[in-house]
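So the chains spell out like this:
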Amino acid sequence: GTVGLWVCAQQYMLGADAMERVRNNIEATVLASAARAADASSADQVNYNHKGVVLFVNVSAVVGDDTVKIVVEGKDPISGTYYTLFTGGELGTTGLRVYEIHPNVAAASGGVTGVANRIIPRTWRVTLDYTQVTGVADTITASVAVAYTP
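In this text, all values refer to a predicted model and were calculated from it rather than measured experimentally.

## Quick word on the pairing of strand S6 (residues 52-62)
Alright, step 1. As paired elements, S6 and strand S12 (residues 140-149) share ten bridges and run antiparallel to each other. Each residue of the ladder has a partner; that of Phe56, found in S12, is Ala145.

## As for the packing of aromatic side chains
Alright, step 1. Under the defined criterion, the tally for this structure stands at one aromatic pair.
Alright, step 2. Between Phe86 and Tyr99, the aromatic rings sit 5.5 Å apart at their centres with planes inclined by 55 degrees, giving tilted as the arrangement. With Phe86 in strand S8 (residues 82-87) and Tyr99 in strand S9 (residues 95-101), the pair connects residues that are 13 residues apart, well separated along the chain.
Alright, step 3. Note on Phe86: relative accessible area 10%, which makes it buried.
Alright, step 4. The cationic tip of Arg125 hangs over the ring face of Tyr82; the distance from NZ or CZ to the ring centre is 3.5 Å.

## Here we look at the pairing of S12
Alright, step 1. Along S12, nine of the ten residues are buried, which leaves the element largely enclosed by surrounding structure.
Alright, step 2. Two elements, strand S3 (residues 27-36) and S12, share seven bridges in a ladder whose sense is antiparallel. Within S12, the residue paired with Ala35 across the bridge is Thr141.

## Comments concerning the environment of Gly74
Alright, step 1. Tracing the chain through its elements places Gly74 in strand S7 (residues 67-75).
Alright, step 2. For the pair Gly74 and Ile119, spaced 45 residues apart in the sequence, the C-alpha separation amounts to 9.8 Å.
Alright, step 3. Look past the residues within four positions of Gly74 in its chain and what remains in contact with it is Thr81, Tyr82, Tyr83, Leu85, Pro121, Thr123 and Trp124.

## Observations concerning the pattern of salt bridges
Alright, step 1. Within this structure, the stated rule accounts for four salt bridges.
Alright, step 2. Across the pair Glu73 and Arg125 runs a salt bridge, and its minimum N-O distance is 2.6 Å. Note that Glu73 is positioned in strand S7 and Arg125 in strand S11 (residues 123-131), a separation of 52 residues in sequence.
Alright, step 3. For Glu73, a relative accessible area of 13% puts it in the buried group.
Alright, step 4. A relative accessible area of 18% means that Arg125 is categorised as buried.
Alright, step 5. Linked through salt bridges whose partners overlap, the residues forming this network are Lys69, Glu90 and Asp129.

## Remarks on the side chain of Asp66
Alright, step 1. With respect to the element layout, Asp66 can be found in the loop between S6 and S7.
Alright, step 2. Buried charge Asp66 goes without a salt bridge, the closest partner of opposite sign being Arg36 at 13 Å.
Alright, step 3. Among the polar contacts listed, one links the side chain of Asp66 to the side chain of Tyr130, at a separation of 2.3 Å.

## So, the nonpolar core
Alright, step 1. Ranked by size, the top nonpolar core spans 25 residues in total, and within it Leu55, Ile70, Val72, Trp124, Val126 and Val144 carry the most contacts.
Alright, step 2. Taken together, the elements giving at least two residues each to this core come down to S3, S6, S7, S8, S9, S11 and S12.
Alright, step 3. Among the elements that make up this core, the one with the highest residue count is S12 (five residues).
Alright, step 4. Apart from the residues within four sequence positions on either side, Val126 is in contact with Val30, Leu31, Ala40, Ser41, Ser42, Leu55, Ile70, Val71, Val72 and Val144.

Basis of the calculations
Residues numbered from 1 in each chain as written. Predicted model: local features only at pLDDT ≥ 70, side-chain atom pairs only at ≥ 80, totals over all residues. Heavy atoms only, no water. Pairing = 2+ DSSP bridges. Helix = DSSP H or I, 4+ residues; strand = E, 2+ residues; numbered from the N terminus. Phe/Tyr/Trp six-rings, centres within 6.5 Å; stacked < 30°, edge-to-face > 60°. Buried < 20%, exposed > 50% of the residue type's maximum accessible area, 1.4 Å probe, protein only. Lys NZ or Arg CZ within 6 Å of the ring centre and 35° of its normal. Contact = heavy atoms within 4.5 Å. Salt bridge = Lys/Arg side-chain N within 4 Å of Asp/Glu carboxyl O. Lys, Arg positive; Asp, Glu negative; His and termini not counted. Polar contact = N/O pair within 3.5 Å; in protein donor to acceptor, adjacent residues only side chain to side chain. Core = buried A, V, L, I, M, F, W, Y, C linked by side-chain atoms within 4.5 Å.

Without other data, these values stay purely geometric and don't point to any function.
Here it is as structure tokens:
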């Protein structure tokens, strides 16, 4: 008979405490579209093996004159305390804004609203920081999506 060798090669990297498969670019919804009149934070996001992210903030409705800004926070793995990686400008009009956080990005260009020359940590989250302008709680409808970048 014939003797053969079958090999299945898969790429793995050492993660926080175990081997994890290498992932290509990943896209996900971080905060679903919803009318908000207060701050809203996403669940913790896990960065498996990427250096950065592209965030898509889509403001689809604004009632009144209140504003919202995106805040991207890393999480200290020891204390669980969040620290600020990036804060975007105040958004009070509808439209799509694109933000890049990556160690190799220098300046916003080509439709990118803002950048941060930082590495995205293992655990991070997004907060939509709501600002009440007039004392009346107006609503802003927004969603945040992410694409991880190597």
